[in-house]
Amino acid sequence: DGRRKGTNSRQESFETKGEAENRARELEEDFAREGADGAGLSSELRVAAITAANILAPYDKDIVEAARHYASHLDSLLKLENSKFIKDLAEDWLANKKSGARRELRAATILSIENGKKYLVERFGEKRILAVTKDEIRRELDKHGSKIRRKFNLCSLMSQFFNWCIKHGHCVTNPCPLDEYIPAEKD
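Throughout this description, residue numbers start from 1 for each chain and increase along the sequence as written. Residues qualify for local features only when their pLDDT is at least 70, as the model is predicted, and side-chain atom pairs are given and counted only at 80 or more; totals for whole chains, interfaces and linings, by contrast, use all residues. The basis for every side-chain value is the complete set of heavy atoms in the structure, and neither hydrogens nor water enter the calculation.

### Remarks on the overall build of the chain
This is how it is decided: To qualify as a helix, a DSSP run of H or I must reach at least 4 residues; to qualify as a strand, a run of E must reach at least 2; elements of each kind are numbered from the N terminus. Relative accessibility thresholds used throughout: buried, under 20% of the residue-type maximum; exposed, over 50%; partly exposed, between the two (1.4 Å probe, protein chains only). It only takes one pair of heavy atoms within 4.5 Å for two residues to be counted as in contact. Values of accessible area rely on a 1.4 Å probe in the Shrake-Rupley scheme; residue burial ignores everything except the protein chains shown.
For the chain, the count of helices and strands is 7 helices and 0 strands. The N-to-C order of helical and strand elements in the chain reads α-α-α-α-α-α-α. Looking at the chain residue by residue over its 187 residues, the buried ones come to 25%. Sequence-distant contacts, at least 24 apart, represent 60% of the contacts inside the chain between residues at least 6 apart. For the chain, the exposed surface amounts to about 13300 Å²; the carbon and sulfur share of it is 51%.

So, in C-alpha cells, the structure goes:
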C-alpha cells in the first residue's frame, strides 16, 4: 500500500507481479531518500514546501532558515504582548527608589524621579515596555517645546528608568537618545 498519509487516494493495484514489484522498488527508493516522516508527508505539505523553497530561492535561503526566522519573529511578538505596561513599571521604579533599597536618596532626587515618572506615564503609560522606540521618545521630546537642557534632563530621567528596567529584566535595550540632547557647555 503506497498511499501517502493524509491523502484520499485509492490503494494501487497492478495487472502483473512485475508492475507491482517495480512500484514497490519506487516506494523503497522514496523511503530511502525521504525517510519514514518524508514518505508519509501529505501532498499538500509537499506542495507547500516546494512553493516555499521557490519563494526563498532568489535569496539563497532554505525553508528551515525561514521557519527559524519566522519563529524568532513570533517569539518577539509574544514577548511584546507579555511585557509590562510603562505605567506599572514606572510605579515600581518610583517605589524602588523611594524605598532606599540601594541607597537613601535626597528629597530633591525623589521629586525629580516623581516628575520623571509622571512624564513617562502621561506620554507612554498605556504602552508596553518593549513597544517603546527611540523614534517615539525623540518625537515626544521634540514636541515638548522646551529648551535643550530640559529635554536632556527628561531624556536622562527616562534613560535611568529604562536602565532600571534592563537591570530588572523587563527589557534588554535603552531606547533613550540621550546623546542627541546634550546641552552646550557653559563658559
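Next comes the rest of the description.
### What about the state of the cysteines?
Stated precisely, the cut-off is as follows: Disulfides are defined as cysteine sulfur pairs within 2.5 Å.
By the definition in use, this model includes 0 disulfides. No disulfide involves Cys171; its nearest neighbouring cysteine sulfur is the one of Cys165, lying 5.1 Å away. Here Cys176 is not cross-linked by a disulfide; its sulfur's nearest cysteine counterpart is in Cys155, at 4.7 Å. Judged by relative accessible area, which is 9%, Cys176 ranks as buried.

### Some details on the packing of aromatic side chains
Applicable threshold: Two aromatic rings, drawn from Phe, Tyr or Trp (for Trp, its six-membered ring), form a pair once their centres lie within 6.5 Å of each other, and the interplanar angle then sorts them: stacked below 30 degrees, edge-to-face above 60, tilted otherwise. The rule for a charge over a ring is simple: NZ of Lys or CZ of Arg within 6 Å of the ring centre, and within 35 degrees of the ring normal.
Under the defined criterion, the tally for this structure stands at 2 aromatic pairs. Ring centres of Phe161 and Phe162 lie 5.2 Å apart, and the angle between their planes is 70°; on these two criteria the pair is classed as edge-to-face. An identical accessibility class is assigned to Phe161 and Phe162; each is buried. Put simply, the rings of Trp93, Phe161 and Phe162 pair up and form one aromatic cluster. In this structure, Lys87 packs its charged tip against the face of Phe85, placed 5.7 Å from the ring centre. Taking the ring centre of Phe85 as reference, the NZ or CZ of Arg128 above it sits at 4.1 Å.

### What to know about the packing of helix H4 (residues 86–99) against helix H5 (residues 107–124)
Short version of the rule: Throughout, an axis means a line fitted to C-alpha atoms (over the contacting stretch in the case of helices), and angles, computed between N-to-C directions, take values from 0 to 180 degrees. Working rule for angles: under 35 degrees goes down as roughly parallel, over 145 as roughly antiparallel, 65 to 115 as roughly perpendicular, anything else as oblique.
At their nearest, the axes of H4 and H5 sit 9 Å apart, and the two run at 175° to each other. With respect to H5, the axis of H4 lies roughly antiparallel. Each of Ile86, Lys87, Ala90, Glu91, Trp93, Leu94, Lys97 and Lys98 in H4 lies in contact with H5, whose residues at this interface are Ile110, Ile113, Glu114, Gly116, Lys117, Leu120, Val121 and Phe124.

### Considering the nonpolar core
Note the threshold: For the purposes of this section, nonpolar cores are sets of buried Ala, Val, Leu, Ile, Met, Phe, Trp, Tyr and Cys residues that join through side-chain atoms within 4.5 Å.
Residues Ile86, Ile129, Ile137, Leu141, Met158, Phe161 and Phe162 are the most contacted members of the largest nonpolar core, which totals 27 residues. Residue assignment for this core shows that the elements contributing at least two residues are H4, H5, helix H6 (134–143) and helix H7 (148–167). The element contributing the most residues to this core is H7, with 9 residues.

### Focus on a nonpolar patch on the surface
Test applied: Each patch is built from residues lacking any salt bridge and having more than 30% relative accessible area; the joining distance is 9 Å for like charges and 5 Å for nonpolar side chains (Val, Leu, Ile, Met, Phe, Trp, Tyr). By definition here, a salt bridge exists when the distance from a side-chain nitrogen of Lys or Arg to a carboxyl oxygen of Asp or Glu is within 4 Å.
On the surface, Tyr70, Leu74 and Leu77 cluster together into a nonpolar patch covering about 280 Å² of accessible area. Along the polypeptide, Tyr70 turns up in helix H3 (residues 63–82).

### What about H5?
What counts here: What a helix is expected to span follows from its residue count: subtract one and scale by 1.5 Å.
With 18 residues, H5 extends 25 Å from end C-alpha to end C-alpha; this agrees with the ideal 26 Å at 1.5 Å per step. For H5, the complete set of buried residues consists of Ile110, Ile113, Gly116, Lys117, Tyr119, Leu120 and Phe124. Looking at the packing, one finds that the buried side of H5 touches H4, H6 and H7.

### As for the pattern of salt bridges
Summed over all chains, the structure comprises 13 salt bridges. The partner of Lys17 in a salt bridge is Glu21, with the nearest N and O atoms 4.0 Å apart. Here Glu21 and Lys17 lie together in helix H1 (residues 17–39), a separation of 4 residues that amounts to about one turn. A relative accessible area of 37% places Glu21 in the partly exposed class. Where Asp135 meets Arg138, a salt bridge forms, and the shortest distance between an N and an O atom there is 2.4 Å. Residue Asp135 and its partner Arg138 are both found in helix H6; the two are separated by 3 residues, about one turn of the helix. Given the relative accessible area of 43%, Asp135 is considered partly exposed.

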